[in-house]
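A look at the structure
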Amino acid sequence: MTVPVPATHDPAAQDSSVTRSRATAFAPFTVRIFRILWLASLVSNIGGWMQSVGAQWFLIEGDSSPALVALVQTAAAAPVILLAIPAGVLGELLNRRRVLIATQLVQVGVVAVLVGLTWQDALTPGSLLAATLALGVVSAIQLPAYEAIVPDIVPKPMIADAAALSSTGINLARAVGPALAGLVAAQVGLAAVFALNALSFVFFLIVLVAWRGYRPPPVRAEPFLDASRAGLRYVRHSAIVRKILVRFCLFLLPANALWALLPVVAAGTLGLSAAGYGLLLGALGVGSLLGATVLGKARARLGVNGTVMWGSAAYGAGLILVVVWPTLWVTIPVLLVTGAAWIAVVATVNGTIQAFLPVWVRTRGLSIYQLAFYGPTAVSAVVLGVLADRWGSEAVMVVAGGLTVLLAVSQVIWRLPETQGIGREIVPIPGETIEHLSDEDDAVLVLVHYTVAPTDRAEFVRTMAWVEQARLRTGARAWRLYRDPARDDRLVEAFTVGSWREHLSQHEARTTEYDGDLLDRARALSVGVPTVDHLVVMPRPHHPRHPSNPTDRPPL
C-alpha cells in the first residue's frame, strides 16, 4: 500500500482546497498524510506511555526510592542533551522519512529485548534503566526529524496548529496509555505492557514504509561539523528564538515536578494503585485534548506571551492543589485544567518555533528546541527526586508550583516576543551578485563599501547593528564595521565566512525576507550603490626550521 502525498515538497503548492480550509485548530487534519502520520504517532506514543508507566510502577513495586523512580525520566531525556545537535544535522541533511524508518526498527529491537527479560523474570532496575536509556538515544535522533517533517507536508498557515495537534497527540496518549498499561499489567503482566509498546513501533514503521510519495526539501551538502556550527550560530544570533527557549527552560525546571513525582504522590498521598495512577495521567491527557480545541482562539486573542503566561499560572496552581487538596474528586478536575495549561504552554512554544525557523535550519533549530525541552527534564528529574527524598514529594511539588506561578507573573514585564509579520521566506541577498568561483574550503572575507552622508551616519550605524546579527545568523564567523579616517563618508562592512560554499548558501538559501529588508535599509542610506569585494584567504607561508640556503633565512 502506498500512502498518497502531494508531488511537491512545498506545502504552499498543495491543493488550493487545503489552503482554503477553515482556520481552526483541526484544519491540519484536512491534509491526508498528516492525519495518517498523526494517528501512527499517537499509537506509538500510547505504547511509549504504557512502557513509561510500566517502568515506573515496576520500580515502585520494588520499593525503589523516589530518586530512582524519577531517574526513569532522566534516562529517557538525558541522551537529548548529548545528541540533539548531531540529530538535528542528520535530520536536516538526510531523508527524514528514512531516518524515522531506521529509528523505528531500532526501537522495536530494544523493546523486544526488554520483553524477553521481563518474560523470564530477569528484569532488574539496572537493565530497565539501560533499556530506557537506549530508547532515549533513538528518540533523540527521531524527534527533530519528525518535528521538521510536519512543515514539509502542511501549508504554512497551518504549521502552528499542526504543531499543537502533534503536542496534543503526545498528551492524548497520556489519557489512553497509562490507563491501558494499568489494565494490562493487572490482568496479564508487565511483559505484555512492553510487548504492546513494541507493536506500536511496528505500526508506525508500517505506515512509514508504505508512504512512498515523500519528497524532502532540497538541501545543500555541508560538512557535518560546519552544519552543526551553523545551526548553533543561528540560534545564538536569533534573539527571538533565544528568548523563547530561555523562558521555556525556566518553565520546565519546576513544572517537571508533576511528571517526575506524580507516581509517588499517587501511591503515597492518594493511596492509588497502578490503575489509579493511570487514571490521573488520563485526566491530564483529556485536559490536553480539551485545551487543544480552544488553543487557536486563545492564541489569537492573547498572543504568544498571554497564552504562555496564563497557561503557566494555571499549571503552577494545579501543582499546588494536587498536594494541598488530596481528594480524588478534586484532583481529577484539577488535572484536567492542568493538562490544558500544559498544552497551552508547550504547543504554543513548539508551534511558534516551528513557524519562525527558516527552512534551511528548521531541523537543527528544532533539535535545539528538543534540547531545551529534554535538558531541563533530565536535570530537574534528578534534583527533584533528591529533594523529595529529603523533604517529601508533597513539599517539593508545592514549591515547584509556586515558582511556576511566579515565572508566569514575571511575563507581565519580561514578555515573550511576538513573531507575526516577520518575513521568513528565503530571498537572494538584495543588490549583490555572486558566482561559483571556488570549490575550496578556505575562509572568505567579504568587504562591502558604503558611502554614507554624515547626517545619516548615526542611523546607518544603528541599522548595521541589526545587519550584523543577520550576517552572523546566516553563516558569518566574525563581523566588524570600519571607517576610513581619511574620508568621513566612507564605511566598510567586513565579515568572514567559513568557505565559498557557505557564502553561496548565504546568498541563495539562508537569507530571509526580514534579513533582506535590513540589508535594503542599509543600502538605502548609502550614497550610490555599495560595492562588494570577495577575498579568499591565502595559506600561511612555510618557513623551514633549518634552511640550507642562507637567503632563505627569515629576517632577525
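Not measured: the values here are computed from a predicted model.

**What to know about the pattern of salt bridges**
Inspection of every chain in the model, using the stated rule, returns eleven salt bridges. With a shortest N-O distance of 2.5 Å, D226 and R229 are connected by a salt bridge. Residue D226 and its partner R229 are located together in helix α8 (residues 224-236), separated by three residues, close to a single helical turn. Residue classification places D226 among the buried residues on the basis of a relative accessible area of 16%. Judged by relative accessible area, which is 38%, R229 ranks as partly exposed. For the salt bridge of R477 with E502, the shortest nitrogen-to-oxygen distance reads 3.3 Å. On the criterion of sequence distance, the pair formed by R477 in strand β2 (residues 476-484) and E502 in helix α16 (residues 500-510) is long-range, its members being 25 residues apart.

**Considering helix α9 (residues 239-255)**
Counted at 1.5 Å a residue, the expected span for α9 with its 17 residues is 24 Å, and the 24 Å between its end C-alpha atoms agrees. Residues I240, V241, I244, L245, R247, F248, F251, L252, P254 and A255 constitute the buried set of α9.

**Digging into the side chain of N197**
Here N197 lies in helix α7 (residues 190-210). Excluding residues within four positions of it along the chain, N197 makes contact with S44, G47, G48, Q51 and V111.

**Some remarks on the packing of aromatic side chains**
The tally for this structure, following the rule as stated, stands at 15 aromatic pairs. The interplanar angle of 70° and the centroid separation of 5.3 Å between the aromatic rings of W259 and W342 together place this pair among those described as edge-to-face. Of this pair, W259 sits in helix α10 (residues 257-267) while W342 sits in helix α12 (residues 328-356), and the two are 83 residues apart along the sequence. The same class applies to W259 as to W342, namely buried. Where W342 meets F373, the ring centres are 6.3 Å apart and the plane angle is 75°; that geometry is what we call edge-to-face. Placement of the pair is W342 in helix α12 and F373 in helix α13 (residues 362-391), with a sequence separation of 31 residues. Considered together, W342 and F373 belong to a single accessibility category, that of buried residues. These aromatic residues form a ring-pair network of at least three members: W49, F248, F251, W259, Y315, W342, Y369 and F373.

**Points about unusual backbone geometry**
The phi dihedral of D121 falls on the positive side, at around 55°, and the residue is not glycine. With respect to the helices and strands, D121 occurs in the loop between α4 (96-119) and α5 (125-153).

**Concerning the pairing of strand β3 (residues 487-497)**
Where strand β1 (residues 444-451) and β3 come together, eight bridges link them in antiparallel fashion. For V444, the partnering residue across the bridge sits in β3 and is V497. Hairpin connection of β2 to β3: two residues between the antiparallel strands.

**Side note on the sheet that holds β2**
Within the open sheet, the four strands sit side by side as β2-β3-β1-β4. Their pairing is antiparallel. Pairing within the sheet leaves two strands with one partner each, and these edge strands are β2 and β4 (531-536). Ignoring which end each strand starts from, the neighbouring axes of this sheet average 20° apart.

**Looking at the pairing of β2**
Two strands pair when backbone bridges link them, and β2 and β3 are joined in this way by eight bridges, in the antiparallel orientation. Counterpart to D484 in the pairing with β3 is R487.

**What to know about the packing of α4 against α5**
Two elements in contact, α4 and α5, have axes separated by 9 Å at closest approach and are oriented at 160°. It follows that α4 is roughly antiparallel to α5 by the angle criterion. For the pair α4 and α5, the crossing hand works out as left-handed. Its residues assigned to classes, the contact of α4 with α5 shows 17 nonpolar, five polar and three charged.

**Notes on the environment of A344**
Counting through the fold element by element, A344 comes out in helix α12. Classification of A344 as buried rests on a relative accessible area of 12%. Distance from A344 to A76, taken between C-alpha atoms, is 23 Å for residues 268 residues apart in sequence. Those residues in contact with A344 that lie beyond four places of it in its chain are L295, T307 and G311.

**Brief notes about the confidence of the model for the chain**
Do not read the predicted coordinates in detail wherever pLDDT is low. Predicted confidence across the chain gives a mean pLDDT of 83, with 90% of residues reaching 70 or more. The model gives residues 1-23 a pLDDT under 50, and that stretch makes 46 contacts with residues more than four places away or in other chains.

**Remarks on helix α17 (residues 513-524)**
Here α17 is twelve residues long and its end C-alpha atoms lie 16 Å apart, about the 16 Å a rise of 1.5 Å per residue gives. Taken together, the buried positions of α17 are occupied by D515, G516, L518, L519, A522 and R523. Down the axis of α17, the sector holding all buried residues measures 155°, keeping them to one side. Close packing links the buried residues of α17 with β1, α15 (457-473) and α16.

How each quantity is defined
Residues numbered from 1 in each chain as written. Predicted model: local features only at pLDDT ≥ 70, side-chain atom pairs only at ≥ 80, totals over all residues. Heavy atoms only, no water. Salt bridge = Lys/Arg side-chain N within 4 Å of Asp/Glu carboxyl O. Helix = DSSP H or I, 4+ residues; strand = E, 2+ residues; numbered from the N terminus. Buried < 20%, exposed > 50% of the residue type's maximum accessible area, 1.4 Å probe, protein only. Expected span 1.5 Å × (residues − 1). Contact = heavy atoms within 4.5 Å. Phe/Tyr/Trp six-rings, centres within 6.5 Å; stacked < 30°, edge-to-face > 60°. Pairing = 2+ DSSP bridges. Axes fitted to C-alpha atoms, helices over the stretch in contact; angles between N-to-C directions. Parallel < 35°, antiparallel > 145°, perpendicular 65-115°, else oblique. Left-handed = near helix turned anticlockwise from the far one by under 90°. Nonpolar A, V, L, I, M, F, W, Y, C, P; charged D, E, K, R; others polar. pLDDT = per-residue confidence, 0-100. Arc of directions from axis to C-beta.

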